[in-house]
Amino acid sequence: MVFRVIPLGGKPLQVCPAPKDEDPVQLKVASSTQPRELQEAMLVSWYKRCQGKHGDVSLAPMNSDNIAKAVKSTGFALREMRQRQRSQGLRPFLLVPRITTVTQKDGKPGTVTFLDLELQPPRGSKPGPE
């Protein structure tokens, strides 16, 4: 059996390397944040990151309800990105949770959850170091 690769046209996907000298972007998710507004902010920040104008992008939800809102907004953003992908040629992202312990104002330790936007690996790639 012989396989033949046939290009489907359109722009190739960009690699989107994270710029080393740019500051990271942190989008705060509060109870007053609307999911569609957060979706647009994520898309704009991701596009700028892929163009080298922003550093890494992360979401900073304030509590468990806001974490759910951030995940829902991410779904909206990925759906919108998939619809625009043919014309823009950008690689989609993954949402990776990062949990850290910080000292609160009263001196007690507290847990903070960040949601980092990471470049999604291409289909068929193998996990692990290359």
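Since this is a predicted model, take the numbers as computed values, not measurements.

Participant: What is the right way to read the overall build of the protein chain from this model?
Facilitator: Scanning the protein chain for helices and strands turns up 2 helices and 4 strands. Traced from its N-terminal end to its C-terminal end, the protein chain shows the element sequence β-α-β-α-β-β. In the protein chain, which comprises 130 residues, the proportion classed as buried is 31%. When contacts within the protein chain are restricted to residue pairs at least 6 apart in sequence, those whose partners lie at least 24 apart make up 69%. For the protein chain, the exposed surface amounts to about 9400 Å²; the carbon and sulfur share of it is 55%.

Participant: Please explain the nonpolar core as it appears in this structure.
Facilitator: The tendency in soluble globular proteins is for nonpolar side chains to be buried as a group. Core analysis: the biggest nonpolar cluster contains 18 residues, and Leu-27, Leu-38 and Leu-59 have the highest contact counts within it. The greatest single-element share of this core, amounting to 6 residues, is contributed by helix α1 (residues 35-50). Those residues in contact with Leu-38 that sit more than four places away from it in its chain are Leu-27, Val-29, Thr-33, Leu-59, Lys-69, Ala-70 and Ser-73.

Participant: What is the right way to look at the sheet that holds strand β2 (residues 57-61) in this model?
Facilitator: Two strands in a sheet stick together by hydrogen bonds in their backbones, pointing the same way (parallel) or opposite ways (antiparallel). Taken in spatial order, the 4 strands of this open sheet run β1-β2-β4-β3, and their pairing is mixed. For this open sheet the edge positions go to β1 (25-29) and β3 (93-103), each flanked by a neighbour on one side alone. Put simply, the sheet's adjacent strands are angled 25 degrees from each other on average, direction ignored. Two strands pair when backbone bridges link them, and β2 and strand β4 (residues 109-119) are joined in this way by 3 bridges, in the antiparallel orientation. Of the residues in β4, the one forming a bridge with Leu-59 is Leu-115. Each of β1, β2, β3 and β4 is contacted by α1, which is oriented at about 175 degrees to β1, the strand it contacts most.

Participant: What am I meant to see in the packing of aromatic side chains here?
Facilitator: Here a ring pair, both rings aromatic, is described through the centre-centre distance and the interplanar angle of the planes. Counted by the stated rule, this structure contains 1 aromatic pair. Positioned over the ring face of Phe-76 is Arg-36, at 3.9 Å from the centre of the ring.

Participant: Help me out: how do you make sense of α1 in this one?
Facilitator: At 3.6 residues per turn, the α-helix brings residues three or four places apart onto the same side. The end-to-end C-alpha separation of α1 is 22 Å, in line with the 22 Å expected for 16 residues at 1.5 Å each. Considered for burial, the residues of α1 that qualify are Leu-38, Gln-39, Met-42, Leu-43, Ser-45, Trp-46, Tyr-47, Arg-49 and Cys-50. Immediately downstream of α1, the backbone of Gly-52 shows phi near 85 degrees, a positive value.

Participant: Just checking my understanding: could you explain the pattern of salt bridges for this structure?
Facilitator: A pair can form between side chains of opposite charge whenever their charged atoms are brought close. All told, the structure shown has 2 salt bridges when counted by the stated rule. The partner of Asp-56 in a salt bridge is Arg-49, and the shortest N-O contact between them spans 3.3 Å. Residue classification places Asp-56 among the partly exposed positions, given a relative accessible area of 39%. Ionic pairing is found between Asp-116 and Arg-98, a salt bridge with its closest N-O pair at 2.8 Å. With Asp-116 in strand β4 and Arg-98 in strand β3, this pair connects stretches of sequence that are 18 residues apart.

Cut-off values and rules
Within each chain, residues carry numbers counting from 1 in the order of the written sequence. Owing to the predicted nature of the model, reporting of local features is limited to residues with pLDDT of at least 70; listing and counting of side-chain atom pairs is limited to 80 or more, with chain, interface and lining totals taken over all residues. Hydrogens and water are ignored here; the side-chain numbers use all heavy atoms of the structure. Per the convention used, a helix needs a DSSP run of H or I reaching at least four residues, while a strand needs a run of E reaching at least two, with both numbered from the N terminus. Three labels apply to residues, based on accessible area from a 1.4 Å probe with only protein chains included: buried if under 20% of the type maximum, exposed if over 50%, partly exposed otherwise in between. Contacts were defined at the residue level, with two residues in contact if any of their heavy atoms lie within 4.5 Å. Shrake-Rupley sampling with a 1.4 Å probe provides the accessible areas, and residues are treated as covered by the protein chains on show and by no other component. Among buried residues, those of type Ala, Val, Leu, Ile, Met, Phe, Trp, Tyr and Cys that are joined through side-chain atoms within 4.5 Å constitute a nonpolar core. We call two strands paired when DSSP finds no fewer than two bridges between them. Simply put, an axis is a line fit to the C-alpha atoms, just over the touching stretch for a helix, and the angle between two N-to-C directions goes from 0 to 180 degrees. Put simply, two rings from Phe, Tyr or Trp (the six-membered ring, in Trp's case) pair if the centres are within 6.5 Å, and we call them stacked under 30 degrees between planes, edge-to-face over 60, tilted for the rest. The criterion for a charge sitting over a ring is simple: Lys NZ or Arg CZ within 6 Å of the ring centre, and within 35 degrees of the ring normal. Take the number of residues in a helix, subtract one, and multiply by 1.5 Å to get its expected span. Here, a salt bridge means any side-chain nitrogen of Lys or Arg that lies within 4 Å of a carboxyl oxygen of Asp or Glu.

Purely geometric numbers; function is a separate question.
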